[in-house]
Amino acid sequence: MNTRTGALIFLSLLLVAATGSGSDAAGGNVAKGKVLYSNICIRCHGIDGKGDVPMKFNPPVADLSAPAAQSKLDGTLMKAIHDGRKDTAMGAWKFVLSDEEIRDVTAYVRVLGSAASRKLP
Ligand code: HEC
């Protein structure tokens with residue numbers, strides 16, 4: 001390996017370390033994420049993420065505010081949004097949203113989680 005290749009590999013490793021290999025919603029823009037959520041996700045996941053909407057699905061919509069979703073890593077949530085869930089109503093949003101937008105909407109999904117926990121007694 002020459003010095004140049006070595007330097008490139010070192011830089012790539014630094015990038016992966018700094019960005020957590022792209023699996024970190026921290027740094028996502030919550031305001032932009034809220035707009036995306038309100039335009040796209042709200043009709044199934046509801047205003048507060050609880051999925052309390054007139055449309056019913058089988059399997060049902062995930063409650064994004066609940067610990068079942070909030071305990072998952074950012075990367076896991078982003079993958080679900082990116083690729084969708086096979087054989088469910090959750091589609092692959094990679095055809096509609098950029099990676100940055102998926103990060104933004106994931107940051108907003110985290111807000112739905114903290115809003116729900118604030119309402120607990
Ligand atoms: C057509 C209805 C529909 C729309 C629109 C929709 N979802 Fe979903 N979503 C679902 C369903 C149904 C599930 C549950 C899938 C399953 O059972 O695995 C789900 C699951 C998820 C999950 C996985 C939760 C977990 O616990 O793993 C995330 C995250 C999610 N949706 C985010 C979003 C976001 C963000 C948007 C908007 C970009 C969106 N969804 C749009 C129906 C929808």
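Please read all numbers here as calculations on a predicted model, not as lab measurements. (Residues numbered from 1 in each chain as written. Predicted model: local features only at pLDDT ≥ 70, side-chain atom pairs only at ≥ 80, totals over all residues. Heavy atoms only, no water.)

Student: Help me understand the site of the ligand in this model?
Tutor: Around the ligand, 23 residues are found, and the nearest of them are Cys41, Cys44, His45, Lys72 and Met90. One of the side-chain N or O atoms of Lys72 is found 2.8 Å from an oxygen atom in the ligand. Here Arg85 contributes a side-chain N or O atom positioned 2.9 Å from an oxygen atom of the ligand. Elements with a contribution of two residues or more to the shell around the ligand: helix H2 (30-45) and helix H4 (74-83). Among the elements that make up the shell around the ligand, the one with the highest residue count is H2 (5 residues). In the shell around the ligand, the residues fall into 18 nonpolar, 2 polar and 3 charged. (Near = heavy atom within 4 Å. Polar contact = N/O pair within 3.5 Å; in protein donor to acceptor, adjacent residues only side chain to side chain. Helix = DSSP H or I, 4+ residues; strand = E, 2+ residues; numbered from the N terminus. Nonpolar A, V, L, I, M, F, W, Y, C, P; charged D, E, K, R; others polar.)

Student: Help me understand the nonpolar core in this model?
Tutor: Most often, soluble globular proteins keep nonpolar side chains buried together rather than apart. Formed by 15 residues in total, the largest nonpolar core has its most connected members in Tyr37, Cys41, Leu97, Ile102 and Val105. Counting only elements with at least two residues in this core, the list comes to H2, H4 and helix H5 (99-118). Counting residues per element, this core draws most heavily on H5, at 5 residues. Dropping the residues within four chain positions of it, Leu97 is found in contact with Leu36, Ile40 and Ile102. (Core = buried A, V, L, I, M, F, W, Y, C linked by side-chain atoms within 4.5 Å. Buried < 20%, exposed > 50% of the residue type's maximum accessible area, 1.4 Å probe, protein only. Contact = heavy atoms within 4.5 Å.)

Student: When you look at unusual backbone geometry in this model, what are you seeing that I'm missing?
Tutor: For the peptide bond that leads from Asn58 to Pro59, omega is 0 degrees, which places it in the cis range. One can find Pro59 in the loop between H2 and helix H3 (67-70). Positive phi, close to 60 degrees, is recorded for Asp87, a residue that is not glycine. Secondary-structure assignment places Asp87 in the loop between H4 and H5.

Student: I keep staring at the packing of aromatic side chains and nothing clicks. Help me out?
Tutor: The geometry of two aromatic rings is summed up by the distance between their centres and the angle between their planes. For the structure shown, the criterion picks out 1 aromatic pair. With a centroid separation of 5.5 Å and an interplanar angle of 55 degrees, the aromatic rings of Tyr37 and Tyr108 are classed as tilted. With Tyr37 in helix H2 and Tyr108 in helix H5, this residue pair connects regions lying 71 residues apart in the sequence. As far as burial versus exposure is concerned, Tyr37 and Tyr108 are alike and both buried. (Phe/Tyr/Trp six-rings, centres within 6.5 Å; stacked < 30°, edge-to-face > 60°.)

Student: Explain the coordination of the iron atom of the ligand here, please?
Tutor: Reference geometry at the metal: tetrahedral coordination by four donors gives ideal angles of 109.5 degrees; octahedral coordination by six donors gives 90 or 180 degrees. Those protein atoms acting as donors to the iron atom of the ligand are His45 (NE2) and Met90 (SD), and they sit at 2.0 to 2.2 Å. One way to put it: the 6 donor atoms around the iron atom of the ligand meet at angles of 87 to 179 degrees, and that makes the site octahedral. Of this pair, His45 sits in helix H2 while Met90 is found in the loop between H4 and H5, placing the two residues 45 residues apart along the sequence. (Donors = N, O, S within 2.8 Å, 3.2 Å for Na, K, Ca; no water. Tetrahedral: all angles 85-135°; square planar, octahedral: opposite > 155°, others 65-115°.)

Student: Mind showing me how you'd approach the packing of H4 against H5 here?
Tutor: Each packed pair of helices is defined by two parameters, the angle between the axes and the distance between the axes. Two elements in contact, H4 and H5, have axes separated by 10 Å at closest approach and are oriented at 120 degrees. Overall, the two elements H4 and H5 adopt an arrangement that is oblique. Crossing angle aside, the handedness with which H4 passes H5 is right-handed. Between H4, through Asp74, Leu77, Met78, Ile81 and His82, and H5, the contact on the second element is made entirely by Asp99, Ile102, Arg103, Val105, Thr106, Val109 and Arg110. Among the residues forming the contact of H4 with H5, the class breakdown is 6 nonpolar, 2 polar and 4 charged. (Axes fitted to C-alpha atoms, helices over the stretch in contact; angles between N-to-C directions. Parallel < 35°, antiparallel > 145°, perpendicular 65-115°, else oblique. Left-handed = near helix turned anticlockwise from the far one by under 90°.)

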